[in-house]
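Working through the structure, step by step
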Amino acid sequence: MALIDTLKDEQKLAMKAKDKLRLGTIRLALAAIKQREVDEQITLNDDDILAVLTKMVKQRRDSVAQYESAGRQDLADVESAEITVLEDFMPQPLTDEEVAQLIEAAMIESGATGMQDMGNVMGVLKPQIQGRADMGKVSGLVRAKLA
């Protein structure tokens, strides 16, 4: 089943269950997907939808950090709950070992020898780990391996 269909089905279930938080979060996700489709005049596939969801999770994690530093735990809790709902629609996260193996394979595939090849390695890795690992963390690991 396509990811967009899953989101729409879950939206209906959340309506029936009167789960306001889940319903609101799913509506936000569907609105972000629709906005991107309208802006770019395309129909998004599952990978594109996953990228939208990943961006939403990243924004919420940034918000949680800001709210906690400002002493607004009530707002941070709402954002954390939204992250939990969004993560239900994302693939299983990769373990550190799996990420390390993918980095090694990407370095071999791209023939990376130094820092100048970082873009090539990340280009190979991104489609494999999109939505399954923190790209910032992966970038740091790749940088450490190439240095």
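Residues numbered from 1 in each chain as written. Predicted model: local features only at pLDDT ≥ 70, side-chain atom pairs only at ≥ 80, totals over all residues. Heavy atoms only, no water.

**What about the overall build of the protein?**
Quick note on the threshold: Strands are runs of DSSP state E lasting at least two residues, helices are runs of H or I lasting at least four, and both sets are numbered from the N terminus onward. Accessibility here uses a 1.4 Å probe with only protein chains present; expressed as a share of the type maximum, an area under 20% marks a residue as buried, one over 50% as exposed, and anything in between as partly exposed. By definition in these notes, contact holds between two residues if any of their heavy atoms fall within 4.5 Å.
Check the secondary structure of the protein and you find seven helices and zero strands. When the helices and strands of the protein are placed in sequence order, the string is α-α-α-α-α-α-α. Taking the principal axes of its C-alpha atoms as reference, the protein extends roughly 55 × 40 × 30 Å. Here the protein, with 147 residues, has 34% of them falling under the buried criterion. Contacts spanning at least 24 positions in sequence make up 57% of the contacts within the protein whose residues lie at least 6 apart.

**Looking at the pattern of salt bridges**
Inclusion rule: Any carboxyl oxygen of Asp or Glu that lies within 4 Å of a side-chain nitrogen of Lys or Arg is treated as forming a salt bridge with it.
All told, the structure shown has nine salt bridges when counted by the stated rule. Ionic pairing is found between Asp62 and Lys58, a salt bridge with its closest N-O pair at 3.6 Å. In this pair, Asp62 and Lys58 are both assigned in helix H3 (residues 46-69), four residues apart and thus about one turn of the helix distant. Residue Asp62 is classed as partly exposed on the basis of its relative accessible area of 40%. Put simply, Arg72 and Asp74 hold a salt bridge, and the shortest N to O gap is 3.1 Å. Judged by its relative accessible area of 39%, Arg72 is partly exposed.

**Quick look at a negative patch on the surface**
Under the convention used in this document: Within this analysis, patches are made of residues with over 30% relative accessible area and no salt bridge. Like charges are joined at 9 Å or less; nonpolar side chains (Val, Leu, Ile, Met, Phe, Trp, Tyr) at 5 Å or less. Areas reported here follow the Shrake-Rupley algorithm with a probe of radius 1.4 Å; residue values treat only the protein chains shown as occluding. Counting rule for charge: Lys and Arg are taken as positive, Asp and Glu as negative, and neither His nor the chain ends is counted. Where a charge lies is defined by one atom per residue type: Lys uses NZ, Arg uses CZ, Asp uses CG and Glu uses CD.
The grouping of Asp5, Asp9, Asp46 and Asp47 at the surface amounts to a negative patch. Counting only elements with at least two residues in the negative patch, the list comes to helix H1 (3-17) and H3. Its location among the elements puts Asp5 in helix H1. With a relative accessible area of 36%, Asp5 lands in the partly exposed category.

**Details of the side chain of Glu79**
By the element assignment, Glu79 lies in helix H4 (residues 73-87). Here Glu79 is buried and forms no salt bridge, its nearest opposite-charge partner Arg60 lying at an N-O distance of 4.1 Å. When near neighbours in sequence (up to four residues on either side) are disregarded, Glu79 contacts Arg60, Ser63, Val64 and Tyr67.

**What about the domain arrangement of the protein?**
Note: interface size is frequently given as the accessible area lost on complex formation between the parts. Under the convention used in this document: Where each domain begins and ends follows an automated or database-derived domain assignment.
Per the domain assignment, the segments making up the protein are domain 1 (3-88) and domain 2 (96-146). Inter-centroid distance (C-alpha atoms) of domain 1 to domain 2 is 27 Å.

**Let's talk about H3**
Three or four residues apart is the spacing at which side chains of an α-helix point the same way, because the helix has 3.6 residues per turn. Put simply, the rule is: How far a helix is expected to stretch is found by multiplying one less than its residue total by 1.5 Å.
The terminal C-alpha atoms of H3, which comprises 24 residues, lie 35 Å apart, in line with the 34 Å expected from a rise of 1.5 Å per residue. Residues of H3 that are buried: Ile49, Leu50, Val52, Leu53, Met56, Val57, Arg60 and Val64. Where H3 is buried, its residues touch H1, helix H2 (20-40) and H4. Just downstream of H3 lies Gly71, where phi reads positive at about 80 degrees.

**Here we look at the packing of H3 against H4**
We count it as follows: Lines fitted to C-alpha atoms define the axes here, with helix axes fitted over just the stretch in contact, and angles between the N-to-C directions of these axes take values from 0 to 180 degrees. Should an angle lie under 35 degrees it is considered roughly parallel, over 145 roughly antiparallel, and from 65 to 115 roughly perpendicular; all remaining angles are considered oblique. It is the rotation of the near helix from the far one that decides the hand of a crossing: anticlockwise by less than a right angle makes it left-handed, clockwise makes it right-handed. Classification used: nonpolar for Ala, Val, Leu, Ile, Met, Phe, Trp, Tyr, Cys and Pro, charged for Asp, Glu, Lys and Arg, polar for all others including Gly.
Close contact between H3 and H4 brings their axes to 8 Å; oriented N to C, the two are set at 160 degrees. With respect to H4, the axis of H3 lies roughly antiparallel. Here H3 runs over H4; the crossing is left-handed. Where H3 approaches H4, its residues Leu53, Met56, Val57, Arg60, Arg61, Ser63, Val64, Tyr67 and Glu68 are matched on the opposing element by Gln73, Leu75, Ala76, Glu79, Ser80, Glu82, Ile83, Leu86 and Glu87. Of the residues in the contact of H3 with H4, the class split is nine nonpolar, three polar and six charged.

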